[in-house]
Amino acid sequence: MNSEVLEYINQAGLCRESVERTAEVLPPDDDELANWIDEAIHESNSLAFMVIVFAAFAKDRPVDAKHLIGGARLAGAAAYLVAMMFGMQGEVAECLLEGMKNTAIHNETAATALFALAIWCDENRGSAYPDGLLREARVVARRVKLMPAVDIFLIAIAEYLKDSVLYDIMRKNYSIIVEQEWKKLVARAIPGASDAVRAYRTPILKLLPVEPNFPLDPTQTVRRSVERIGRNDPCHCGSGKKYKNCHQDQDRARLQQSSGVAGQTLREMRQSGARHLTLERIQHYSPAELGRMDPSEVPRHLLTEYFVRVTLFNLDRAAELLERLIEKSGFEDDMEDSWFFVMFHAARGQRKDIGEWMMRLRPDQKEEELRLSQRLLLAQDDPGKSLTLIEEAAAKALKSESPGDYNDLAYAVGFSKFGGIAIMIFRSTLLLTPPKDIDQGYEQITTIRERMGLAAEDPVHELLEARRDKDREETEAALRQAEETLEAKRREVRALKESLDQLEKDVTRRERAAAAEAAAAMSANNEDDERLREMRQKVKNLEASLKERHGERNALQRQLEEAQEKVETLRERSQLAAAGSNEAEPDHEDELLLPQDAEGSHPVRLIDFPKGFHDRLNEFPHHVARGAMVMLGRLAGGDAAAFSGAKRLKSRPNVVRQRIGIDFRLLFRLLPDRIQVIDLIPRQDFERKIKTLT
């Protein structure tokens, strides 16, 4: 690509003027134009990709849809991706769906593009829709809940294509609203979605902004891009003039673009962004911008977070950047997590080429030390070796009888090309899986079945529901038994307390009588003293017995609370199942979290509660509020076991999530000397809460 054109695009941004000027300097040869677009895609230059494509549209130049394979993720807003779809030529449907695979496209953009694709197929293919359209729509529907800007397009797709599976998923997502309101929502979906797509199909120059919008620096502290100089001081340029008569006006405009880096404007800071990266900036930069940075300039302590974002966005680009980093500095220990994350996503995407690429970067890495999913990836073209690996892992799981080993086997085979075997393994392991992990496992079965072109619901679903019903009945029976036992203990404690009170009254009365008669009858006093000693001993015995009964009652009370929590969980799940379809509700919570931090010792910390947290606790069941406070006490005390399961958010790594039971989540910040409590929320509000934090 012409370096001057590229420099101009990077400086001018995306706007009508930049597209019009770029259109005038496009290469006359269509093949050369395609090379320009390919180069922008390869370099993850979202700005250059959009400006060149739109410039070609402005001049009615042909642009092949094959550019969507790598460019869909670079298109940015939904309006721009829809405009590209209807402006390109060739296999738009197949290229768009391929471009949406295994990448982090914004949910609203993905849903809008999928509905627009259905309209495109009506206009260009006589309503012949590709199989992947509904599959991708279902994936988005399971990932996103109660987001109107996304859901309107998903509901529209379900209605437009008459897909009962997608319809049931969306109805389950909206199980909190009554049927009448749901029907109104469905009735508005197709007209609303169609209007949005129609607006995006306007002439391209009308769709673009008049002035470019450069993103702000996410850092809260803004530092001056120009040093402070007095109006009458000599100008910093060395001209000898007073500052007010020289560069003051220019610097005033420059100050308006100050960034979080002293002496640099927003544009200058972003051009050398890798050197100034912080955790906050990594979370706010677009993945395309991160993919353009030099990884060798990224601060070493941020390498893992950097490669996580880039890998989720573009696996090939992440592998290329990791190779560039290793070639420059050699493989070092702080690259281990980055290498593993790329390898993990290569296994999930069945990208053997990436897996082999990663192995070449680490010639000392032994294949037998890899995880099963990674070994199956490397052996995917050798069925014999793959089956041997599966058999060895199955034998290991059978020897250990560990649910964790069963699940590792099922997920590893599920990532591979052996989808049928994976479903059979999942069917057997789910019957042995702890109840809290069943939904996630069944979601994997659903995903594999859709990948294989099978009906989404698996026969094992009925067995799982029967198991839930049985667990609920057994738990409720245990709860009733615990309540009866507790009530009996309460009655026993009350009887003992009444006896103790009566004895104490008798002792007091006898002591007073003995004191009054002490001067008259010494021998009688001796006899009374003996009786008093006997009665005091009885009191002590009763007090000991009462203390023991109190202990038993408290233990039973704790058991009752645990049983109540389990019953409440089962009831909530039963209500969700009754309100929605027969599909198990997926749980994508782990996709929003970073891996578990390494184990280690923790200091004692103070707890900072937000304003009104006590009132917030009163909104929850007693056992949930009590569990949250107990967990905070253990965390503050440095109890290592309390940190098991505590994971940081991908979007806000300074925020930690810990489970409170099955259906509630505690969010807090872990500082060196204190714990800052953020909120206690139901699990279904987790994604919405994250959006408010970001």
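This structure is a prediction, so every number in the text was calculated from the model and none was measured.

Description of the overall build of the protein chain
Thinking step 1. Across its full length, the protein chain holds 31 helices and five strands.
Thinking step 2. Within the protein chain, contacts between residues at least 6 apart in sequence are counted, and of these 65% link residues at least 24 apart.

Some words on the environment of Leu290
Thinking step 1. Take Leu290: it is sitting in helix H17 (residues 287-291).
Thinking step 2. In this view, Leu290 contacts Leu277, Ile282, Tyr285, Tyr306, Arg309 and Val310; residues no more than four positions away in its chain are not counted.

Thoughts on the sheet that holds strand E3 (residues 655-660)
Thinking step 1. The strand order E1-E5-E4-E3-E2 describes an open sheet built from five strands, whose pairing is mixed. Looking at strand neighbours, the two that pair on one side only are strand E1 (606-608) and strand E2 (647-648), the edges of this open sheet.
Thinking step 2. Of the strand pairs in this sheet, E1 and strand E5 (residues 674-682) are connected by three bridges, and their pairing is parallel. From the neighbouring strand, Ile607 faces E5, where its bridge partner is Ile675.
Thinking step 3. Of the strands in this sheet, E3, strand E4 (664-670) and E5 touch helix H31 (residues 686-693), which is tilted by about 135° from E5.

Observations regarding the packing of aromatic side chains
Thinking step 1. A complete count under the given rule lists 11 aromatic pairs for this structure.
Thinking step 2. Measuring from centroid to centroid gives 5.9 Å for Phe344 and Phe415, while their planes differ by 85°, and the two rings are edge-to-face. Here the residue Phe344 occupies a position in helix H20 (residues 336-348), and Phe415 occupies one in helix H24 (residues 403-415), the gap between them amounting to 71 residues.
Thinking step 3. A ring pair is formed by Phe609 and Phe613, whose centres lie 5.5 Å apart and whose planes are at 25°; its orientation type is stacked.

Focus: the side chain of Glu320
Thinking step 1. Positionally, Glu320 belongs in helix H19 (residues 315-329).
Thinking step 2. Using a relative accessible area of 18% as the deciding quantity, one classes Glu320 as buried.
Thinking step 3. Contact partners of Glu320, with chain neighbours within four places excluded, come to His42 and Trp357.

Overview of the confidence of the model for the protein chain
Thinking step 1. Per-residue confidence for the protein chain averages 83 on the pLDDT scale, and 88% of its residues sit at or above 70.
Thinking step 2. Under a pLDDT of 50 for its full length, residues 576-586 has, in the predicted model, 27 contacts with residues more than four places off or in other chains.

Topic: unusual backbone geometry
Thinking step 1. Residue Gln350 is not a glycine yet carries a positive backbone phi of 55°.
Thinking step 2. Mapped onto the secondary structure, Gln350 falls in the loop between H20 and helix H21 (352-361).
Thinking step 3. Even without being glycine, Glu401 reaches a positive phi, approximately 55°.
Thinking step 4. By secondary structure assignment, the location of Glu401 is in the loop between helix H23 (383-400) and H24.

Concerning the nonpolar core
Thinking step 1. Counting residues in hydrophobic clusters, the biggest one holds 83 residues, and the most contacted among them are Leu14, Phe49, Phe54, Met84, Leu96 and Leu117.
Thinking step 2. Setting aside residues up to four positions removed in sequence, Leu14 forms contacts with Val19, Leu47, Met50, Val51, Phe54, Tyr80, Leu208, Pro209 and Pro212.
Thinking step 3. Counting residues in each nonpolar core, the second largest holds 33 residues, with Leu303, Leu315, Val342 and Met343 among its members.

Brief notes about a nonpolar patch on the surface
Thinking step 1. Judged by side-chain polarity, Leu431, Leu432 and Leu463 come together as a nonpolar surface patch covering roughly 280 Å² of accessible area.
Thinking step 2. By the secondary structure assignment, Leu463 is in helix H27 (residues 460-516).

What about the packing of helix H9 (residues 131-143) against helix H10 (residues 148-160)?
Thinking step 1. Two numbers describe how H9 lies on H10: the axes approach to 10 Å, and their chain directions differ by 140°. By the angle between their directions, the pair H9 and H10 is classed as oblique. Like other packed secondary-structure pairs, H9 and H10 cross with a definite hand, here left-handed. On H10, the residues that touch Leu133, Leu134, Ala137, Val140 and Ala141 of H9 are Val150, Leu154 and Ile157.
Thinking step 2. A per-class count over the contact of H9 with H10 returns eight nonpolar, no polar and no charged.

Section: the pattern of salt bridges
Thinking step 1. All chains considered together, the criterion is met by 34 salt bridges.
Thinking step 2. The salt bridge involving Glu91 is made with Arg125; its shortest N-O contact spans 2.6 Å. Pair noted here: Glu91 is in the loop between helix H6 (78-87) and helix H7 (92-100) and Arg125 is in the loop between helix H8 (107-124) and H9, with a separation of 34 residues, a long-range link.
Thinking step 3. Residue class for Glu91 comes out partly exposed when judged on its relative accessible area of 46%.

Some remarks on the packing of helix H18 (residues 303-313) against H20
When two helices pack together, their arrangement is given by the angle between the helix axes and the distance between those axes.
Thinking step 1. Contact geometry of H18 with H20 gives a least axis separation of 9 Å together with a crossing angle of 20°. Classified by the angle between their axes, H18 and H20 sit roughly parallel to one another. As H18 runs across H20, the sense of the crossing is right-handed. Side by side, H18 and H20 meet where Leu303, Thr304, Phe307, Val308, Thr311 and Leu312 of the first sit next to Asp337, Ser338, Phe341, Val342 and His345 of the second.
Thinking step 2. For the contact of H18 with H20, the class distribution of residues is six nonpolar, four polar and one charged.

A word on the environment of Leu185
Thinking step 1. Structurally, Leu185 can be placed in helix H12 (residues 179-200).
Thinking step 2. Note: C-alpha distance between Leu185 and Ile155 (30 residues apart in sequence) is 8.5 Å.
Thinking step 3. Setting aside residues up to four positions removed in sequence, Leu185 forms contacts with Ile155 and Tyr174.

Some remarks on the side chain of Asn314
Thinking step 1. In this structure, Asn314 sits in the loop between H18 and H19.
Thinking step 2. Separated by 3.2 Å, the side chain of Asn314 and the backbone nitrogen of Asp316 make a polar contact.
Thinking step 3. When near neighbours in sequence (up to four residues on either side) are disregarded, Asn314 contacts Ser44, Arg73 and Thr103.

Considering the state of the cysteines
Thinking step 1. Considering all chains together, one arrives at zero disulfides under this definition.
Thinking step 2. Not part of a disulfide, Cys235 finds its nearest cysteine sulfur in Cys237, a span of 3.6 Å.

With respect to helix H26 (residues 435-451)
Thinking step 1. For H26, which comprises 17 residues, the first-to-last C-alpha distance of 25 Å matches the rise-based estimate of 24 Å (1.5 Å per residue) to within 8%.
Thinking step 2. Restricting attention to buried positions, one finds in H26 the residues Ile438, Asp439, Gly441, Tyr442, Glu443, Gln444, Ile445, Thr446, Ile448, Arg449 and Glu450.

Points about the pairing of E5
Thinking step 1. Most of E5 is tucked away, with seven of its nine residues classed as buried.
Thinking step 2. Judged from the seven bridges that link them, E4 and E5 form a sheet pairing that is antiparallel. By the bridge assignment, Arg665 is partnered in E5 with Ile681.
Thinking step 3. Linking two consecutive strands that pair antiparallel, namely E4 and E5, is a turn of three residues.

With respect to H20
Thinking step 1. For H20, with 13 residues, the first-to-last C-alpha span of 18 Å sits near the 18 Å given by 1.5 Å per residue.
Thinking step 2. For H20, every residue scored as buried is listed here: Ser338, Trp339, Phe341, Val342, Met343, His345, Ala346 and Ala347.
Thinking step 3. The elements touched by buried residues of H20 are H18, H19, H21, helix H22 (372-378) and H24.
Thinking step 4. Immediately beyond the C-terminal end of H20, within one or two residues, lies Gln350, with a positive phi of roughly 55°.

Description of the pairing of E4
Thinking step 1. Summarising burial for E4: six of the seven residues are buried, a large majority.
Thinking step 2. Pairing between E3 and E4: six bridges, direction antiparallel. Counterpart to Arg659 in the pairing with E4 is Arg665.

Quick notes on the environment of Thr22
Thinking step 1. Position of Thr22 relative to the elements: it lies in helix H2 (residues 16-23).
Thinking step 2. You can call Thr22 buried: its relative accessible area is 1%.
Thinking step 3. Spatially, the C-alpha atoms of Thr22 and Ile52 are 7.0 Å apart, while their sequence positions differ by 30 residues.
Thinking step 4. Not counting the four nearest positions on each side in its chain, Thr22 is found in contact with Val5, Tyr8, Ile9, Val51 and Ala55.
Thinking step 5. In this structure the side chain of Thr22 is engaged in a polar contact, spanning 2.7 Å, whose partner is the backbone oxygen of Ser18.

Analysis parameters
Residues numbered from 1 in each chain as written. Predicted model: local features only at pLDDT ≥ 70, side-chain atom pairs only at ≥ 80, totals over all residues. Heavy atoms only, no water. Helix = DSSP H or I, 4+ residues; strand = E, 2+ residues; numbered from the N terminus. Contact = heavy atoms within 4.5 Å. Pairing = 2+ DSSP bridges. Axes fitted to C-alpha atoms, helices over the stretch in contact; angles between N-to-C directions. Phe/Tyr/Trp six-rings, centres within 6.5 Å; stacked < 30°, edge-to-face > 60°. Buried < 20%, exposed > 50% of the residue type's maximum accessible area, 1.4 Å probe, protein only. pLDDT = per-residue confidence, 0-100. Core = buried A, V, L, I, M, F, W, Y, C linked by side-chain atoms within 4.5 Å. Patch = residues over 30% accessible without salt bridge, like charges linked within 9 Å, V, L, I, M, F, W, Y side chains within 5 Å. Areas by Shrake-Rupley, 256 points an atom, 1.4 Å probe, with all protein chains shown as cover. Salt bridge = Lys/Arg side-chain N within 4 Å of Asp/Glu carboxyl O. Parallel < 35°, antiparallel > 145°, perpendicular 65-115°, else oblique. Left-handed = near helix turned anticlockwise from the far one by under 90°. Nonpolar A, V, L, I, M, F, W, Y, C, P; charged D, E, K, R; others polar. Polar contact = N/O pair within 3.5 Å; in protein donor to acceptor, adjacent residues only side chain to side chain. Disulfide = S-S within 2.5 Å. Expected span 1.5 Å × (residues − 1).

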